[in-house]
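Residue-level structural notes
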Amino acid sequence: MNTSKFHILLIYLLLAPGLWVAQAQNSTGDTLRVWRFDRWNDREGWNCQELLGGTVRGGTFWLTIQPERNAGAAPSWKDQVWGKGKQPRIASPDSLGIDASKYNKVVMRLRNLSPETDGLVYWRTADNMAKDNGPARFTMKPDCNEWQEAICHIDGKWTGTVDQIAIQPARMGQRGDIFIDWIAIARGEPKPAISRPDVCSSQVVPFIEVPGVSQENFRDAFKVLDECLVTDVPLNGFTYPYMAPGGAYGENWWQLDASLNIAGAKWANQKLAEDMMRGFADVQAQNPDGRIDLWGGSPMRGEPGDVSSLPRYFEAAYDVACRSNDSSLQTIVLETMKKYLGYWLSSKKRDQTTGLITGVFEETFSNPHQDPGVVAPVDLNVAVAVGCYNTAKLAQYLGKNEEAKRYSDLFNQLSASINQYLWDEASHFYFNYFVPEHKHDPRYLCSAFDVLQLGIAPVDRTKRMLPYLTDPSVFNWGIRPLATISRKEPGFLEATGIYDGRAWFGDVWTLRNLTVVNGLKDAGEPGLAAELNWQTIKAFNGNYSEYLVPSTGSGEGVKRYGWTASQYIQAIIENLFGVGYNVFEKRLRIIPHIPKELINKEISISNLTIPSHESLKLNLRIIPEKEGKTIFKLNFSGKIPKEAVEIGLFSADGRSYKVTDKKGRTLAASKSKAMKNLTFVKVKMNGTMELFFE
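The shown structure was predicted, so the numbers you read here are calculated from the model rather than taken from an experiment. (Residues numbered from 1 in each chain as written. Predicted model: local features only at pLDDT ≥ 70, side-chain atom pairs only at ≥ 80, totals over all residues. Heavy atoms only, no water.)

**Concerning the packing of helix H7 (residues 313–322) against helix H9 (residues 378–397)**
The geometry of H7 relative to H9 is characterised by a closest axis approach of 9 Å and an angle of 20° between their N-to-C directions. The pairing of H7 with H9 is recorded here as roughly parallel in orientation. As H7 packs across H9, the resulting crossing turns out to be left-handed. Seen from H7, the contacting residues are Phe314, Glu315, Tyr318, Ala321 and Cys322; seen from H9, they are Ala383, Val386, Gly387, Asn390, Thr391, Lys393, Leu394 and Tyr397. For the contact of H7 with H9, the residue count by class is eight nonpolar, three polar and two charged. (Axes fitted to C-alpha atoms, helices over the stretch in contact; angles between N-to-C directions. Helix = DSSP H or I, 4+ residues; strand = E, 2+ residues; numbered from the N terminus. Parallel < 35°, antiparallel > 145°, perpendicular 65-115°, else oblique. Left-handed = near helix turned anticlockwise from the far one by under 90°. Contact = heavy atoms within 4.5 Å. Nonpolar A, V, L, I, M, F, W, Y, C, P; charged D, E, K, R; others polar.)

**Some remarks on the nonpolar core**
If you look at the biggest cluster of nonpolar residues, it comprises 161 residues, and the most contacted ones within it are Ile418, Tyr430, Phe577, Val579, Ile590, Leu620 and Leu634. At eleven residues, the largest contribution of residues to this core is made by H9. Membership of the second largest hydrophobic core comes to 34 residues, among which are Leu96, Ala136, Met140 and Ile185. (Core = buried A, V, L, I, M, F, W, Y, C linked by side-chain atoms within 4.5 Å. Buried < 20%, exposed > 50% of the residue type's maximum accessible area, 1.4 Å probe, protein only.)

**Details of the packing of aromatic side chains**
This model, assessed by the stated rule, comprises 43 aromatic pairs. When the ring of Phe218 is compared with that of Phe222, the centres are 5.3 Å apart and the planes differ by 85°; the resulting orientation is edge-to-face. With Phe218 and Phe222 both in helix H4 (residues 215–228) and four residues apart, this pair spans about one turn of that helix. Aromatic pair Phe280 and Tyr313: ring centres 5.0 Å apart, planes at 70°, arrangement edge-to-face. Pair noted here: Phe280 is in helix H6 (residues 270–285) and Tyr313 is in helix H7, with a separation of 33 residues, a long-range link. Given a relative accessible area of 0%, Tyr313 falls into the buried group. Through a chain of ring-to-ring contacts, the aromatic side chains of Trp82, Tyr249, Trp254, Trp295, Phe361, Phe365, Tyr499, Trp504, Trp509, Tyr547, Tyr561 and Trp563 assemble into a single cluster. A cation over a ring is seen here: Arg187 above Tyr103, with NZ or CZ 5.6 Å from the ring centre. Sitting above the plane of the Trp267 ring, Arg323 keeps its charged end 4.3 Å from the centroid. (Phe/Tyr/Trp six-rings, centres within 6.5 Å; stacked < 30°, edge-to-face > 60°. Lys NZ or Arg CZ within 6 Å of the ring centre and 35° of its normal.)

**Section: helix H15 (residues 562–576)**
Helical periodicity: at 3.6 residues per turn, an α-helix aligns residues three or four positions apart in one direction. The end-to-end C-alpha separation of H15 is 20 Å, in line with the 21 Å expected for 15 residues at 1.5 Å each. The buried fraction of H15 is high, at 15 of 15 residues. Just past H15, the residue Gly578 takes up positive phi, approximately 70°. (Expected span 1.5 Å × (residues − 1).)

**A closer look at the pairing of strand E26 (residues 616–626)**
Of the pairings in the sheet, the one linking strand E25 (residues 603–610) to E26 comprises six bridges and is antiparallel in character. Counted as the bridge partner of Ile610 is Leu616 from E26. Counting the residues in the hairpin turn of E25 and E26 gives five residues. Pairing analysis gives nine bridges linking E26 to strand E27 (residues 629–637), with the strands arranged antiparallel. Looking at E27, one finds that Ile623 is bridged to Ile631. Here E26 folds back onto E27 in antiparallel fashion, the turn holding two residues, of which Gly628 has a positive phi close to 85°. (Pairing = 2+ DSSP bridges.)

**Examining the sheet that holds E27**
As summarised here, the arrangement of the six strands in space is E13-E25-E26-E27-E32-E29, forming an open sheet in which the pairing is antiparallel. Both outer strands of the open sheet, strand E13 (207–209) and strand E29 (659–661), are each paired with one neighbouring strand and no more. Averaged over all adjacent pairs, the angle separating strand axes in this sheet is 20°, with direction ignored.

**Topic: the confidence of the model for the chain**
With 95% of its residues at a pLDDT of 70 or more, the chain shows a mean pLDDT of 93. Between residues 1–18, whose pLDDT stays under 50, and residues either more than four places distant or in other chains, the model counts 17 contacts. Within the model, pLDDT remains below 50 along residues 22–28, and this stretch shows twelve contacts once partners closer than five positions in the same chain are excluded. (pLDDT = per-residue confidence, 0-100.)

**Considering the packing of H9 against helix H10 (residues 401–422)**
Between two packed helices, both the angle of their axes relative to each other and the distance between the axes serve to describe the pair. It is at 7 Å that the axes of H9 and H10 come closest, and there the two elements cross at 160°. When the axes of H9 and H10 are compared, the pair comes out roughly antiparallel. For the pair H9 and H10, the crossing hand works out as left-handed. Across the interface between the two elements, Val378, Asn381, Val382, Val384, Ala385, Cys388, Tyr389, Thr391, Ala392, Ala395 and Gln396 from H9 touch Asn401, Glu403, Ala404, Tyr407, Ser408, Leu410, Phe411, Leu414, Ile418 and Leu422 from H10. Here the residues of the contact of H9 with H10 are counted per class, giving 15 nonpolar, five polar and one charged.

**Some details on the pattern of salt bridges**
All told, the structure shown has 43 salt bridges when counted by the stated rule. Note that Asp132 is salt-bridged to Arg124, the shortest N-O span being 2.8 Å. Taking the relative accessible area as the measure of exposure, Arg124 reaches 26% and is therefore partly exposed. Two residues, Glu597 and Lys538, come together in a salt bridge whose shortest N-O distance is 2.9 Å. Of this pair, Glu597 sits in the loop between strand E24 (587–590) and E25 while Lys538 sits in helix H14 (residues 526–540); the two residues are 59 residues apart in sequence, bridging distant segments of the chain. You can call Glu597 partly exposed: its relative accessible area is 42%. Salt bridges linked by common partners bring Asp118, Arg137, Lys191 and Asp232 together as one network. (Salt bridge = Lys/Arg side-chain N within 4 Å of Asp/Glu carboxyl O.)

**Digging into unusual backbone geometry**
Going from Gly134 to Pro135, the amide bond is cis rather than trans, its omega being 10°. Residue Pro234 is bonded to the preceding Val233 through a cis peptide linkage, with omega at 5°. Its place among the elements puts Pro234 in the loop between strand E14 (229–230) and strand E15 (242–243). Of note in this structure, Phe37 is not a glycine but carries a positive phi near 55°. In this structure, Phe37 sits in the loop between strand E1 (31–35) and strand E2 (47–48).

**Remarks on the sheet that holds strand E19 (residues 432–434)**
The three strands are arranged E16-E19-E20 in an open sheet whose pairing can be described as antiparallel. The open sheet has two edge strands with one neighbour each: strand E16 (375–376) and strand E20 (439–441). Here E16 runs beside E19; their pairing, made up of two bridges, is antiparallel. Bridged to Ala376 within E19 is Tyr433. Along the sheet, H10 makes contact with E16, E19 and E20, crossing E19 at roughly 75°.

Here's what the structure looks like:
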């Protein structure tokens, strides 16, 4: 190179965006190799698979993502979820001679006009050029009209002499263009690690004393959640640490699993739960239809689509918002709930004649694979109705009364559709509904009891349904938690081994059982709720498997499954001890659901974090002193806020309790209109409290 050209190139490199290329001629050797793609139609030795196009023009390597599909045909709903597995690459020239001990970065300056958020780098070494190694992952801002630098941190993943690299820039492979200005091999400091949120240390895990449940098993459930933590973010558009399903499902995010994992994790780390809401908002923002994808690998992200998953997000989001002191986070949560309901209530999901929501498998777990628009399942319709209810409540808390009324009306409309079309008067049961054929799917599924939530099912129908619930020969009542489908159904089976979808048609899941527990609580059946909740705790105690075999209780599927551990924690804290907190109402509520097996046993929970303005810790003991008398002992550590404590106790025979404090003073007690057979008091929070119910 002559002197004149060298100076021109040096000035250009120093002025070019990106520190890595600016150092290409630096004597430190921080950049080993740069491909600039400055010459028209010259790939500089890079190969490109046909599906990516791959022309060089305007000083860029232009990749055009071309999905494999028939002309004019939309991707099937299964392809929208799982894709077709085609992930084309571009490959560098060989004989690069990269010393892996000195260089640890592949850096690109690119303009990403596609929904792609993650790419992969593979490599081949001089001693075996036939074998791909890796991959290492890099991230990009999707659908971004500005130039950005994408850095793939190899950081110790490769060894020896690397002679060739390959880049997989399009993992979803649906649409868009990626313009690469340059690619560089460089070195730099290792990627800073994101601090790991604490969900399992002794500082955050409560201590319990419950007969039949050891502290070791209880803490192990929090350890399962820790095993599910993913901190190497962003990942597939999720920008904050989150909880993956666990086990063989890998590190990807899933709407349902992450939402259910929040149920228990929020009691250990409220900030993690709030940040997961922000992560959900970011992945949802990539979709123009308000959809939250089934999982991070769904190839339709960034486009209108037809498939999501069973939306338990509405419960998780509402719970987190009601425990948060961050008003901006509460607003973000409300907006995500409204957008997500916009997807579910759109004409592509909601049948215009019946008003019911239709879905495919994984939007419901009560029906095998069906095409969109065919089946209106009970579980999905109730989940969306709950979403409407929770959105209305949150909007009301935030002073948005018109929105609150709108979503309350939608809840009533959807409840009416459920009761009109899913109820079968002759059978006294709710069934899934085949929309095109205008008929029921006459299988007895335990998801039918989802309608007990929020009073969706009228009282008279609830009474007629309960004999199905409590008959051991139908759903296994009293033997173990509820089986997903009636044992009398021809399709009933006990799936074992690795999950293959069949376990939703016979086996036992926390997802199914805790939904029914919540419904029984709402329906004024605290005794039944306490028994089913306790059966669920016992069955999954120390056994955080994906699902259980009804006849034996054997844990199957993933052995350390996130949502199982999370809902087990929730069953103990929120149901057995009955602890709930609401920042809008400035109150802590304690309404235990104690099963018959524990009715005369002392139980306690301590070191329980209450997310008030000052981080509170609650120590609670519930002591049955003698027949008909129960003592609640509460102790708070930390600064005591000006908030209230509501404490309630159910009676088996409907009688009222007299409530006194430790000085013998009678407190003003009330009977609950919403919860049958409940006597409760509301008192000012103090450091030490002692109440007697008799």
